[in-house]
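Examining the three-dimensional arrangement
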Amino acid sequence: VPQRSGENRHIGSEGLRAYIMSRASRTARLSARAALAICGVSLLSLTACEDEQSAFAPACPHVQILSEAADFYDYDGKGLDVGDLVSHASMSGLSGSCTAGPNGPRHRKTVRTSLSIAVDVVRGPAKPGEKVVLPYFVAVMRDGHIMDKKVFEVAVDFAPNTTTAHLRAPVRYIDLPASDSIQETNYSMAVGFQLNHGQLGYNRAHLPEASFLWHIN
């Protein structure tokens with residue numbers, strides 16, 4: 001499977017497109033809109049539905065994991081030492097597909113994108129229980145402007161006597177208006193952890209930018 005660097009990449013438009021974005025290292029560039037990680041917008045609906053799909057090959061939206069929101073550090077408020085860590089989660093990948101969606105209002109064609117994030121989680125010494133709940137967002141942008149943002153949660157249950165876990169979040173389905181072009185669209189999507197100002201500042205101060213690789217099927 002071909003691998004490409006973690007920049008925004010338009011996915012090809014022939015039939016069913018499946019794609020995987022995996023974390024490579026923390027050395028390369030991946031553009032970030034940090035405001036998405038801490039603010040909420042709700043103008044459209046991000047929904048999961050099961051309508052029949054039409055038979056055209058739509059242009060898929062660009063999808064990116066925001067580098068500054070790819071890590072979720074949670075401390076107990078007493079300090080930033082190892083002993084104060086409640087949990088640390090990292091987005092290690094994103095997979096999904098893009099197909100023709102159900103017809104929208106006035107029979108307008110849509111594009112249905114499915115997304116699922118992969119997460120690596122470490123339970124810190126300051127975590128009292130065996131369950132961690134992680135908030136993350138999917139944001140929709142058009143021509144660079146935020147049109148919609150929805151926050152989801154994924155629960156992590158650690159096995160007894162373990163401090164690490166790897167999981168994949170449930171698949172989320174996002175329906176967007178289809179472009180008149182089968183090769184380009186002015187819609188894009190961004191994914192990241194929902195952070196408060198302190199967490200975003202910590203990532204900026206302590207972490208180099210993450211890098212992701214595209215695997216296009």
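Residues numbered from 1 in each chain as written. Predicted model: local features only at pLDDT ≥ 70, side-chain atom pairs only at ≥ 80, totals over all residues. Heavy atoms only, no water.

Turning to the overall build of the protein chain, a few remarks are in order. A count of helical and extended segments in the protein chain gives one helix and twelve strands. Moving toward the C terminus, one meets the helices and strands of the protein chain in the order β-β-β-β-β-β-β-β-β-β-β-α-β. Across the 217 residues that make up the protein chain, the buried fraction comes to 47%. Residue pairs at least 24 apart in sequence account for 80% of intrachain contacts in the protein chain once pairs closer than 6 positions are excluded. Of the roughly 10700 Å² of accessible surface on the protein chain, a fraction of 51% belongs to carbon and sulfur atoms. (Helix = DSSP H or I, 4+ residues; strand = E, 2+ residues; numbered from the N terminus. Buried < 20%, exposed > 50% of the residue type's maximum accessible area, 1.4 Å probe, protein only. Contact = heavy atoms within 4.5 Å. Areas by Shrake-Rupley, 256 points an atom, 1.4 Å probe, with all protein chains shown as cover.)

Applying the stated criterion to the full structure yields two salt bridges. The salt bridge involving Arg-204 is made with Glu-68; its shortest N-O contact spans 3.2 Å. Highlighted residues: Arg-204 in helix H1 (residues 197-206) and Glu-68 in the loop between strand E3 (62-65) and strand E4 (71-75), separated in sequence by 136 residues. You can call Glu-68 partly exposed: its relative accessible area is 22%. Salt-bridge contacts for Arg-112 lead to Asp-175; the nearest nitrogen and oxygen are separated by 2.8 Å. Of this pair, Arg-112 sits in strand E6 (residues 110-123) while Asp-175 sits in strand E10 (residues 172-177); the two residues are 63 residues apart in sequence, bridging distant segments of the chain. Here Arg-112 falls in the buried class, since its relative accessible area comes to 6%. A relative accessible area of 19% means that Asp-175 is categorised as buried. (Salt bridge = Lys/Arg side-chain N within 4 Å of Asp/Glu carboxyl O.)

A few words on H1. Every buried residue of H1 is accounted for by Gln-199, Leu-200, Tyr-202 and Asn-203. One side of H1 holds all its buried residues, which, seen down the axis, span an arc of 160°. Seen from the buried face of H1, the exposed residues on the opposite side, beyond 90 degrees, are His-197, Gly-198, Arg-204 and Ala-205. Its side-chain oxygen placed 3.1 Å from the backbone nitrogen of Gly-198, Asn-196 serves as the N-cap of H1. (Arc of directions from axis to C-beta. Polar contact = N/O pair within 3.5 Å; in protein donor to acceptor, adjacent residues only side chain to side chain.)

This part is about the sheet that holds strand E7 (residues 131-142). In spatial order, the strands read E3-E11-E7-E8; together these four strands make up an open sheet with mixed pairing. Edge positions in the open sheet fall to E3 and strand E8 (145-157), since each of these has one partner strand only. Pairwise comparison of adjacent strand axes, ignoring direction, gives a mean angle of 20° for this sheet. The pairing of E7 with E8 spans twelve bridges and is antiparallel. When the sheet's bridge partners are listed, Leu-134 is paired in E8 with Val-154. (Pairing = 2+ DSSP bridges. Axes fitted to C-alpha atoms, helices over the stretch in contact; angles between N-to-C directions.)

This structure, assessed with the given rule, holds five aromatic pairs. Here Tyr-136 and Phe-152 contribute two aromatic rings whose centre-to-centre distance is 5.7 Å and whose plane-to-plane angle is 35°, an arrangement assigned as tilted. Of the two residues, Tyr-136 sits in strand E7 while Phe-152 sits in strand E8, which places them 16 residues apart along the sequence. Side by side, Tyr-136 and Phe-152 carry an identical accessibility label, which is buried. (Phe/Tyr/Trp six-rings, centres within 6.5 Å; stacked < 30°, edge-to-face > 60°.)

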